[in-house]
Amino acid sequence: MTPEDEEKTAFITGKGTYCYKVMPFGLKNARATYQHLANKIFDEMLGKTVEPYIDDMVVKSVKKEEHPRHLQEVFDTLRKYGMKLNHSKCSFAVSSRQFLSHIVNKRGIEVTDQYQPKEDRMKAYREGVEIVSRGFNQIEFHQIPHEENSEADQLATAAFSSDEDLVRIVPIDILDEPSISPRQEIMVIRIVPRPYLKCLSPTEALTILQQIHDGDYGNHSGGRSMAHKVLTQDYFWPYLVQNAEEYARRCDKCQRHGPMKHQPAEDLHAMENPWPFTQ
């Protein structure tokens with residue numbers, strides 16, 4: 001941790017107040033921050049001899065005699081930036097190794113059968129692949145090279161680039177129905193770095209505003225606050241903020257019981273002493 005940022009990680013225990021001197025992975029954005037650091041310090045080796053992913057790292061070499069030199073370059077870089085490795089989790093000089101549920105070897109990257117999805121939606125997709133694969137005698141998985149995967153490259157560039165002129169909006173896709181279950185047509189939009197947002201129709205948008213503003217758990221919040229709550233629920237529609245502000249202005253209870261508007265501030269006026277009490 002940067003010394004001036006250590007106090008931001010302070011926490012209280014029964015034995016006193018403590019703070020972290022190194023970045024724990026339990027902090028919010030810690031993994032993304034570490035990944036950004038790894039991409040930055042291994043910039044010249046990235047994709048050539050080093051493949052870092054969060055706290056996992058692979059040093060690869062095409063020729064066996066080049067591997068010691070590539071390892072030395074990685075060690076020098078880690079030492080330069082004060083980073084350390086856990087030797088009990090390191091393996092050296094292997095021709096094949098499991099890495100992030102994949103097998104990495106001289107043939108490339110192969111998918112293993114040990115991957116077990118945790119989310120119900122991902123489980124449904126896996127089951128769908130297994131059902132379809134029964135109709136084939138042989139199935140091979142091939143990795144798409146980074147330079148050919150334009151969509152992934154566009155997202156990665158938007159996430160890590162500091163260019164202010166870069167357009168950070170990905171084109172809208174219309175999904176007729178998911179491949180795992182039939183469903184009505186849904187339009188989604190992705191605004192980097194936010195997740196996919198479901199686009200609502202005017203009727204659906206009005207229902208959402210009613211529930212947030214004056215529903216069972218509504219607190220008659222203002223327009224911008226309502227718009228923020230809509231986005232946090234992964235919903236979106238054009239003119240979201242404008243519609244939310246108009247809905248709040250039309251609320252009868254807000255107009256009757258809302259705080260009174262004060263006169264605009266102005267300079268203080270000097271008041272002369274009244275004539276009967278002059279001294």
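Reading the values: the criteria
Residues numbered from 1 in each chain as written. Predicted model: local features only at pLDDT ≥ 70, side-chain atom pairs only at ≥ 80, totals over all residues. Heavy atoms only, no water. Helix = DSSP H or I, 4+ residues; strand = E, 2+ residues; numbered from the N terminus. Expected span 1.5 Å × (residues − 1). Buried < 20%, exposed > 50% of the residue type's maximum accessible area, 1.4 Å probe, protein only. Arc of directions from axis to C-beta. Contact = heavy atoms within 4.5 Å. Axes fitted to C-alpha atoms, helices over the stretch in contact; angles between N-to-C directions. Parallel < 35°, antiparallel > 145°, perpendicular 65-115°, else oblique. Left-handed = near helix turned anticlockwise from the far one by under 90°. Salt bridge = Lys/Arg side-chain N within 4 Å of Asp/Glu carboxyl O. Pairing = 2+ DSSP bridges. Phe/Tyr/Trp six-rings, centres within 6.5 Å; stacked < 30°, edge-to-face > 60°. Patch = residues over 30% accessible without salt bridge, like charges linked within 9 Å, V, L, I, M, F, W, Y side chains within 5 Å. Areas by Shrake-Rupley, 256 points an atom, 1.4 Å probe, with all protein chains shown as cover. Core = buried A, V, L, I, M, F, W, Y, C linked by side-chain atoms within 4.5 Å.

Moving on to helix α2 (residues 67–80). With 14 residues, α2 extends 20 Å between its outermost C-alpha atoms, agreeing within 8% with the 20 Å of an ideal straight helix rising 1.5 Å per residue. Looking only at α2, the buried set comprises H67, H70, L71, V74, T77 and L78. The arc that holds every buried residue of α2, seen down its axis, measures 125 degrees, which confines them to one face. In α2, the exposed residues that point more than 90 degrees away from the buried face are P68, R79 and K80. Residues of α2 that are buried sit in contact with α1 (30–41), β3 (50–53) and β4 (56–59).

Quick look at the packing of helix α6 (residues 223–232) against helix α7 (residues 240–250) now. What describes two packed helices is the angle between their axes and the distance between those same axes. Two elements in contact, α6 and α7, have axes separated by 8 Å at closest approach and are oriented at 130 degrees. Judged by the inter-axis angle, α6 sits oblique to α7. Along this stretch, α6 crosses α7, giving a crossing that reads as right-handed. Here G223, R224, M226, A227, V230 and L231 of α6 come into contact with α7, specifically with L240, V241, A244, E245, Y247 and A248.

Quick look at the pattern of salt bridges now. Inspection of every chain in the model, using the stated rule, returns six salt bridges. The residue D5 makes a salt bridge to K8 at a minimum N-O spacing of 3.1 Å. For D5, a relative accessible area of 26% corresponds to the partly exposed category. In this structure, D76 engages R79 in a salt bridge whose closest nitrogen and oxygen atoms are separated by 3.3 Å. Separated by three residues within a single helix, D76 and R79 lie in helix α2, roughly one turn from each other. For D76, a relative accessible area of 37% gives the class partly exposed.

Here strand β10 (residues 196–199) shows one buried face, formed by L197 and C199, and one open face, formed by Y196 and K198. Where β10 lies against strand β11 (residues 235–236), two bridges are found, and the strand directions are parallel. When the sheet's bridge partners are listed, C199 is paired in β11 with F236.

The next subject is the environment of E246. Mapping E246 onto the fold places it in helix α7. It is 7.3 Å that separates the C-alpha atoms of E246 and G223, two residues lying 23 residues apart in sequence.

Time to look at the packing of helix α5 (residues 202–214) against α7. Contact geometry for α5 and α7: axes closest at 11 Å, N-to-C directions at 55 degrees. For the element pair α5 / α7, the angle class is oblique. For α5 against α7, the interelement crossing comes out right-handed. Side by side, α5 and α7 meet where L206, L209, Q210, H213 and D214 of the first sit next to N243, A244, Y247 and A248 of the second.

Taken as a whole and assessed by the stated rule, the structure comprises three aromatic pairs. Ring plane angle 70 degrees and centroid distance 6.4 Å describe the contact between F75 and F92, whose orientation is recorded as edge-to-face. You can see F75 sitting in helix α2 and its partner F92 sitting in the loop between α2 and β5 (97–99), a full 17 residues away along the chain. Using a relative accessible area of 27% as the deciding quantity, one classes F75 as partly exposed. Among the aromatic residues, those joined into a ring-pair cluster are F11, Y18 and Y20.

A contiguous nonpolar patch, built from M1, F11, Y18, Y20 and L27 and spanning about 410 Å² of accessible area, is present on the exposed surface. Note on placement: Y20 falls in the loop between β2 (16–18) and α1. Y20 gets classed as partly exposed once you look at its relative accessible area, which sits at 33%.

What follows concerns the nonpolar core. Grouped together as the largest cluster of nonpolar side chains are twelve residues: L200, A205, L209, I212, M226, A227, V230, W237, L240, A244, Y247 and A248. Where this core is concerned, the elements lending two or more residues are α5, α6 and α7. Dropping the residues within four chain positions of it, L209 is found in contact with D214, M226, V230, W237, N243, A244 and Y247. Counting ten residues, the second largest nonpolar core, distinct from the first, contains F42, L71, V74 and M83.

Let's shift gears to the side chain of E6. Looking at the secondary structure, you find E6 in the segment before β1 (11–13). Excluding residues within four positions of it along the chain, E6 makes contact with M1, C19, Y20 and K21.

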